[in-house]
Each structure stands twice: as structure tokens, then as C-alpha cells.
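Structural overview
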Amino acid sequence: MGMGYDQAILLAAAFCLLCIEGGGIPTTLDGPFNPITVPLDTSFRGNAEDLPHTDPRLQRNVQGFHPEQISLTLSATYDSVWISWVTGEFQIGDNIKPLDPNTVSSQVFYGKKKHHLTHISNGHSLVYNQLYPFEGLQNYTSGIIHHVRLKGLKPDTVYYYRCGDASIPALSDILQFKTMPRSGRRSYPSRIGVVGDLGLTYNMTSTISQMMRNEPDVIVLVGDVCYANMYLTNGTGSDCYSCSFSQTPIHETYQPRWDYWGRFMQPVISKIPIMVVEGNHEIEKQAENQTFVAYSSRFAFPSKESGSSSTFYYSFNAGGIHFIMLGAYIGYGKSEEQYRWLERDLKNVDRKVTPWLVATWHAPWYSTYKAHYREAECMRVAMEDLLYNYAVDIVFNGHVHAYERSNRVYNYTLDPCGPVHITVGDGGNREKMAIPHADEPGQCPQPSTTPDNYMGGFCAFNFTSGPAAGRFCWDRQPDYSAYRETSFGHGILEMKNETFALWTWHRNQDLYNLPGDQIYIVRQPDKCPI
């Protein structure tokens, strides 16, 4: 804790050099590890300012009903993917008239040869509105959003495709994607990119650029996409909405930021599938108390394929990994449908086919930063036993704008059968970085301030046992926290086989691509039976 930033980075660099040269990357079998905090590099400010709407990468560069904002989403199994796009222009103002989705077809032409797209799939389309029942606020209606599911695909195979409406004609350029490998204990995608809390800032562009240099096969976004709710409907933005706009009658949004984000990301997610789960910045309350409308409309989700009735939670396979995407902003108690769905999904997992079990949701259970400290405690109380009993291996979260990796933990106690919890809410958004830790003097929040404002409930009480017994916070970095650092970055997950997975976290400021944190996560199914 007393180590300076330069000393910590020199030690980290020496450690990484040793890892590279000597194969000395630590494993969870070497743990639990003594907690490490890398101090904030005060010389690194980052550039967490939003890209302006005039940036060329955010401009609409198609005409008429030609597709834009093209993206890919995996279905529940390797033999199917979703392709999504937008046609037509959004409208914002007082007198908006929604486009008619029936005026444009949703077609995808695809095949294994670039100039021989012999297969055709049709899908559905929709338009969504963001409406505010207050004078002076501008309403929004989207372009036509299309979702088409391709079926009967071969595993680990490159496919070429064009999307749009051939009758206009208004088709995209020929693009390509690669399907996931067949599920099996020796079958895995090469690399999985994991990011959170991206926004659309200059720093986010560095995060995406560095992640793409690591060539992920699929991207997992753990919530908080474009931060449209940091703006008023007139396009005026702030790093702190509640500080700047406390008098607004409703929490406004500037929905064109979604379109800007889709345009910026198209070169990436039109060829690499992205799997998204909702964050608090996707709430976006509007007329008639509707919420999460943009999130639920713009992305395709393998909900139906995985037995879910909601866009807030679903599951999918990526080779020998079973991913569970959970909703932190929908009911999660034992009497709720999400909990019952999770029980069914976990019971159906065959660990001989998908040995790895990875869970993802937005708000972390084991973050030691002051920001959002123990905010998701009610969700932890409701669901942790179930995830533990089914031996979930890894948990990914965002929400806290920093990086942290836990030791294996269960119920705030070191446990060799508990999952490793990793917070990657450090994608670069405009709210800046989380810095203070709850265990630092004077930084422990009052328990009454911790419940999530949207979900409500109060479950975070003083600890009753262990080194922090009788207190709400530890007075030092907790034993369950293995490594934490305030910096922007991304993570790469590589399953080497059915028992070893390499996790690497990359800082944005590391120009030579040295890992900021790296560890082999090792499964022990013989010691941790289901």
C-alpha cells in the first residue's frame, strides 16, 4: 500500500518479463494472494471526453435505406447468429413521425464463398420511440432496426454476408464473420474480449483499438453502452448529470448518441459478435414509465433460444464455455422469473460439454472501491448460493470505473471453490475513473447510501465475522481483493483447455502491450464437485 506508482509499475514490468521469459504466470492454485493495490498514476489523466457529433466516425455515410450500424450477436449455440442493422434516419424534435418498418425488408444473403451468397434469411424489424411528456423536451424516433437470425451454420467456419433489402435495392457491402467452434471440452474460441462501461470517448477509442489488436473472436460488454443519459434532449452533456441538471423533471437522454455509437462500432461488431447485458445507464426512463427501450430494441439477444423471456438475462455457448448473462436491474429474488430461469439453465449445463461456466452482470458484488460499494448486495444475497452450488468459475462485472480481480471468494470469505470475480468497468466513459477505496481512512460510505436507486431494497449490513466484524468496511484492502488498479483498459480471456484459462488485463497507457494483470484461472472439478 505504501509503494509509489513508479515502483509498482517497475515491479509489474519485471514480473511480466519473468512471465514471458520463464513461463512464470501465476495460477489460482498459487493463491490466495496477498492483496495488491497499484496506486493511481497521477500523471495519467486519460481523455475521457466524448467524441463530438461532428467526428467523421459518427456520421451517417449511407443514403436512403442502405444499412448502417451493422452488428453481430451469437445465438445460444454455434450453428446460429443474429445480424442487426438500421435503415433510414432517426428524427428528433417536436413533430416526429415514426418510419413504417413494413416499407423495408429484413434480408441477409450469405454463404461460404464471398461472391456466391446462396442462402437467404428473413427477419423482423421495428422502430422505437423515446418520448417525454414535458414541454420543451425533444422526442426521438429511431430509424428502422432489423434483426435476422441465420440458422444451420457450420462450426468454426467463415461466412460472408450482405444485409438489407434487395428489392430497392439497398444492400450493404459484403462482410464476413466466423462461427464459434462446436461445444466440447477441448473446443474453445481463441480469445474473448471483455469490456465494460465504454461510452463514446477518446479513451474508449483507445480501449477498442487496443482490444482489436488482440484479435478477439467474440466481445462481452458487461453493461453501460453509450451513455446517452449523460445528455439533455437538446444535446447538452455533462460528466455528472445529477450535478449539472438536477432540476430536470425527468432524467433526459440524447438518443442520437446510440446511433453515433453504432456507427463508430460497426467496423468491429459487423465481423466480431458482441454480447451485451444491460447496465444502469441503459435505464433511460421515458413516458408511461417505460425503461430500457433503446437497449432492448437495438441489440439482438438469444433469449428465446436459451429459454428466457427477457432481454435482461440469457445464456449462450462459445465452444466449451457456457456464458450466463444476468440482469441486475430486473427482479432477481427466489420468487422471480429470472431466478427460476437461472435454476433451469444451470441444471441443463453439461460440464462434460461446456466445462467452463462464466457469469456476467453489471454491478459487482466484490468491489472494494468507494463508488457503488456493496450496491448490489441484495442481488448477491439472492443469487450467490445458487452460482456457488453450480461451481461458476469466473464472474465479470462493470459499473465501477476501475479494474479489480478477486481471489476465489464466497460470502466474503476466501474459498477455493468460489469464483474469481473480475471488475472491468474501465472502458473509458466520460464519468471518469473510480479512485478512492472504501477501506481508506474516511472513505467508508454510510450503509444507508449504498442501496441501488433503481432496484431499491436494503441488504448491506455490518460484517458479522472476520477481520471486519462489526464494521461496514475493512480498514485495509480486504483479503478477497487480490489486485486493484485505477486505470482504463480491457481484458482478454483465453481458455487453454478444460482446466486452465489465461486472463490478461491490458491498460490503455501501456503502449507496448505489456499485461497489467495476468493469471491462469484453474478449475478443480475433483475438489469442487457440483
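In what follows, the structure referred to is the one given above.
Keep in mind it's a predicted model, so treat the numbers as computed, not measured. (Residues numbered from 1 in each chain as written. Predicted model: local features only at pLDDT ≥ 70, side-chain atom pairs only at ≥ 80, totals over all residues. Heavy atoms only, no water.)

1. Quick notes on the environment of His53
- Position of His53 among the secondary structure elements: in the loop between strand S1 (36–38) and strand S2 (68–74).
- Residues His53 and Met379, spaced 326 residues apart in sequence, show a C-alpha to C-alpha distance of 37 Å.
- If near-sequence neighbours (up to four positions away) are discounted, His53 is found in contact with Leu58, Gln59, Arg257 and Tyr260. (Helix = DSSP H or I, 4+ residues; strand = E, 2+ residues; numbered from the N terminus. Contact = heavy atoms within 4.5 Å.)

2. Some points on the packing of helix H2 (residues 202–213) against helix H4 (residues 256–269)
- Taken N-terminus to C-terminus, the directions of H2 and H4 make an angle of 15°; their axes are 11 Å apart at the nearest point. Relative to H4, the element H2 lies roughly parallel. Of the two possible hands of crossing, H2 and H4 adopt the one that is right-handed. Residues Met204, Thr205, Ile208 and Met212 of H2 form the contact with H4, whose participating residues are Trp261, Phe264, Met265 and Val268. (Axes fitted to C-alpha atoms, helices over the stretch in contact; angles between N-to-C directions. Parallel < 35°, antiparallel > 145°, perpendicular 65-115°, else oblique. Left-handed = near helix turned anticlockwise from the far one by under 90°.)

3. Digging into the pattern of salt bridges
- This model, assessed by the stated rule, comprises 26 salt bridges.
- Linking Arg57 and Asp55 is a salt bridge whose minimum nitrogen-to-oxygen distance equals 2.9 Å.
- Its relative accessible area of 40% is what places Arg57 among the partly exposed residues.
- The salt bridge involving Arg263 is made with Glu68; its shortest N-O contact spans 2.8 Å. One end of the pair, Arg263, is in helix H4; the other, Glu68, is in strand S2, and 195 residues separate them in sequence. (Salt bridge = Lys/Arg side-chain N within 4 Å of Asp/Glu carboxyl O. Buried < 20%, exposed > 50% of the residue type's maximum accessible area, 1.4 Å probe, protein only.)

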